[in-house]
Amino acid sequence: MFKSFFPQPKVFFLSAVAWSLISAFVWYMYGTEIGTALGFEFGEDDGQVVGIRYFWTQSFLWFYVYYAAVVVVFAAFWYRYAPHPWFIWSVLGSALILFSTYFSVQVSVALNNWRRPFFDSVQSALDGEGTVTAADLYGLIMIFGYIAFMAMAVFVATRFLVSHYIFRWRTAMNDYYMSRWKEVRHIEGASQRVQEDTMRFAGIMEGLGVSMVDSVMTLFAFLPVLWSLSGYVTELPIIGAIPSPLFTAAIFWSLFGTVLLSVVGIKLPGLEFKNQRVEAAYRKELVYGEDDEDRAQPPTVAELFNNVRKNYFRLYFHYMYFNIARGFYLQADNIFAYFILIPTIAAGKITLGLIQQILTAFAQVSNSFQYLVNSWTTIVELMSIYKRLKAFEAAIRNEPLPDIDQAYLARVDSSSDPLSTAIEAERP
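The numbers attached to residues start from 1 for each chain and follow its sequence in the written order. Residues qualify for local features only when their pLDDT is at least 70, as the model is predicted, and side-chain atom pairs are given and counted only at 80 or more; totals for whole chains, interfaces and linings, by contrast, use all residues. Side-chain figures throughout are based on the complete set of non-hydrogen atoms in the structure, without hydrogens or water.

Under an unreviewed UniProt entry, the name given to the chain is Peptide antibiotic transporter SbmA, and the source organism is Hoeflea poritis. UniProt positions are given in the numbering used here, feature names are shortened, and annotations may be inferred rather than shown by experiment. Looking at the chain in UniProt, the text filed under Subcellular location (unreviewed entry) is "Cell membrane".

Below, the structure is given as structure tokens:
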């Protein structure tokens, strides 16, 4: 799954994470000093610039140079240390996707900067002060249009790039498995693993992977914004005054939801994997029945389908209480930001524009931390596919199978009747 596309996957991903952390640390701790030494001139209000010129401020131009330098160093190391036929897509393609995703997140930051002057202008106009004209509002709407058009262009370009990237990954897996087809063709379900599971793996990674990268990049972009906006909120309901209340509340609430849903949904991955087993046993017997009239007899088929039914009913039950917990949490999440702002709003300490900025920044940070909450069912499906492909690769390399597959084979070996074996082996 991974070594077909990435050079030495374990070392590669560990080095990528370590290099990213080091690069981020240097950027946030010493980026301004290094940029100034190189001749970039930074303004204190660069982060609050309204409009598309936000993307070519000195701060952004310096970031482009810094990111390119970091990628070149990392890519040059891997190009020499472990050459790989998919190097351009796996290393440079990954870096480009990270950049385009970060840029799209910054478009959201630019829109958030726009909200404050726009809604403050709306509030002033509604108050009847006469200081805001229709031309002012139209001008701000035009600025929104420019940013929205850029957001659309970046989104389309990113999705196009990611689609090609993921299909190259699927191609790498397909080539890897097919190069060993003579060895694996006798493994049960080999054709399904090579065709269906690689297809589903690629499809899920396309959506889930982008969401994960987007969540991480959103945190990098919006955590500083939320930290600065915390200066306008002095206290929280019940708790009272604490340092950086918005920042603290967002992290606490998001981590609470992540832990809650992870605990509640802990049984789902195993059940999804077993579900694939019982479905495969049922399908296999039907396929045998197409060529052999002694196979797929009603009692056998009924028993196999009964296994399918039992596992689905177990899934429905566990998804029921999982969805209850998830639903309650997400509904509470809709009003949580308003709830913590009530003391500040009641005291009249912030404007409508600031409220909109805070709500948007809080939602972005909260949703990023809630990645597992929002993607849990898809993650469960991906884990199931990963387990099947991992077992398939273990068979290719003549390695011990994962525990769940060893239990499966133990049940098969315990039965002497072939027909009973097929039924018993697939019991959930």
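Next comes the rest of the description.
## Side note on the overall build of the chain
A tally of regular secondary structure across the chain gives 13 helices and zero strands. Reading the chain from its N terminus to its C terminus gives the helix and strand order α-α-α-α-α-α-α-α-α-α-α-α-α. Per-residue burial for the chain yields a buried fraction of 41% across its 428 residues. Partitioning the intrachain contacts of the chain with sequence separation of at least 6 by distance along the chain shows that 78% fall at a separation of at least 24. Accessibility throughout is a Shrake-Rupley quantity obtained with a 1.4 Å probe, and a residue counts as covered only by protein chains that appear here. A total of about 22,800 Å² of accessible surface is found on the chain, and carbon and sulfur atoms cover 66% of it. Segments assigned H or I by DSSP are reported as helices when at least four residues long, segments assigned E as strands when at least two residues long, and all are numbered from the N terminus. With a 1.4 Å probe rolled over the protein chains alone, any residue whose accessible area is under 20% of its type maximum counts as buried; one over 50% counts as exposed, and the rest are partly exposed. The contact criterion used throughout is that any non-hydrogen atoms of two residues lie within 4.5 Å.

## With respect to the packing of helix α7 (residues 245–264) against helix α9 (residues 298–346)
Packing of α7 against α9 brings their axes to within 10 Å, and their N-to-C directions diverge by 175°. By the angle between their directions, the pair α7 and α9 is classed as roughly antiparallel. Each of Leu246, Ala249, Trp253, Ser254, Phe256, Gly257, Leu260, Leu261 and Val264 in α7 lies in contact with α9, whose residues at this interface are Tyr321, Phe322, Ala325, Arg326, Tyr329, Ala332, Asp333, Phe336, Ile340 and Leu341. Each residue receives one of three labels: charged for Asp, Glu, Lys and Arg, nonpolar for Ala, Val, Leu, Ile, Met, Phe, Trp, Tyr, Cys and Pro, and polar for the others, Gly being one of them. Here the residues of the contact of α7 with α9 are counted per class, giving 15 nonpolar, two polar and two charged. Angles shown run from 0 to 180 degrees and are taken between the N-to-C directions of axes, each axis being a line fitted to C-alpha atoms and, for helices, limited to the stretch in contact. Every angle not falling under 35 degrees, over 145, or within 65 to 115 is termed oblique; those three ranges are roughly parallel, roughly antiparallel and roughly perpendicular.

## Some words on the nonpolar core
For the purposes of this section, nonpolar cores are sets of buried Ala, Val, Leu, Ile, Met, Phe, Trp, Tyr and Cys residues that join through side-chain atoms within 4.5 Å. In this structure, Phe222, Leu246 and Phe362 are the most contacted members of the largest nonpolar core, which totals 54 residues. Elements that contribute at least two residues to this core include exactly α2 (58–81), α3 (87–127), α4 (134–178), α6 (190–229), α7, α9 and α10 (352–369). Ranked by residue count, the leading element in this core is α3, at 10 residues. In contact with phenylalanine 222, not counting residues within four places along its chain, are Val105, Ser108, Val109, Asn112, Ala361, Gln364 and Val365.

## A few points about the UniProt feature "transmembrane region" (unreviewed entry) in the chain
Per the UniProt record, the feature "transmembrane region" (unreviewed entry) sits at residues 12–30, 61–79, 86–105, 137–162, 208–227, 247–268 and 335–355. From the first C-alpha to the last, residues 61–79 spans 27 Å; its make-up is 100% helix and 0% strand. The annotated region residues 137–162 carries 100% helix and 0% strand content, and the separation between its end C-alpha atoms amounts to 37 Å.

## Some words on unusual backbone geometry
Positive phi is not limited to glycine here, since glutamine 8 has a value of about 40°. Here glutamine 8 lies in the segment before α1 (9–37).

## Remarks on the packing of aromatic side chains
By convention, a stacked pair of Phe, Tyr or Trp rings (six-membered ring in the case of Trp) has centres within 6.5 Å and planes under 30 degrees apart, an edge-to-face pair has planes over 60 apart, and any other such pair is tilted. Throughout the structure, instances matching the rule amount to 47 aromatic pairs. Measuring from centroid to centroid gives 4.8 Å for phenylalanine 63 and tyrosine 102, while their planes differ by 35°, and the two rings are tilted. Note that phenylalanine 63 is positioned in helix α2 and tyrosine 102 in helix α3, a separation of 39 residues in sequence. The class of phenylalanine 63 is buried, set by a relative accessible area of 12%. Geometrically, the ring pair formed by tyrosine 64 and phenylalanine 99 is edge-to-face, given 5.9 Å between the ring centres and 70° between the ring planes. Pair noted here: tyrosine 64 is in helix α2 and phenylalanine 99 is in helix α3, with a separation of 35 residues, a long-range link. Among the residues examined, tyrosine 64 registers a relative accessible area of 23% and is labelled partly exposed.

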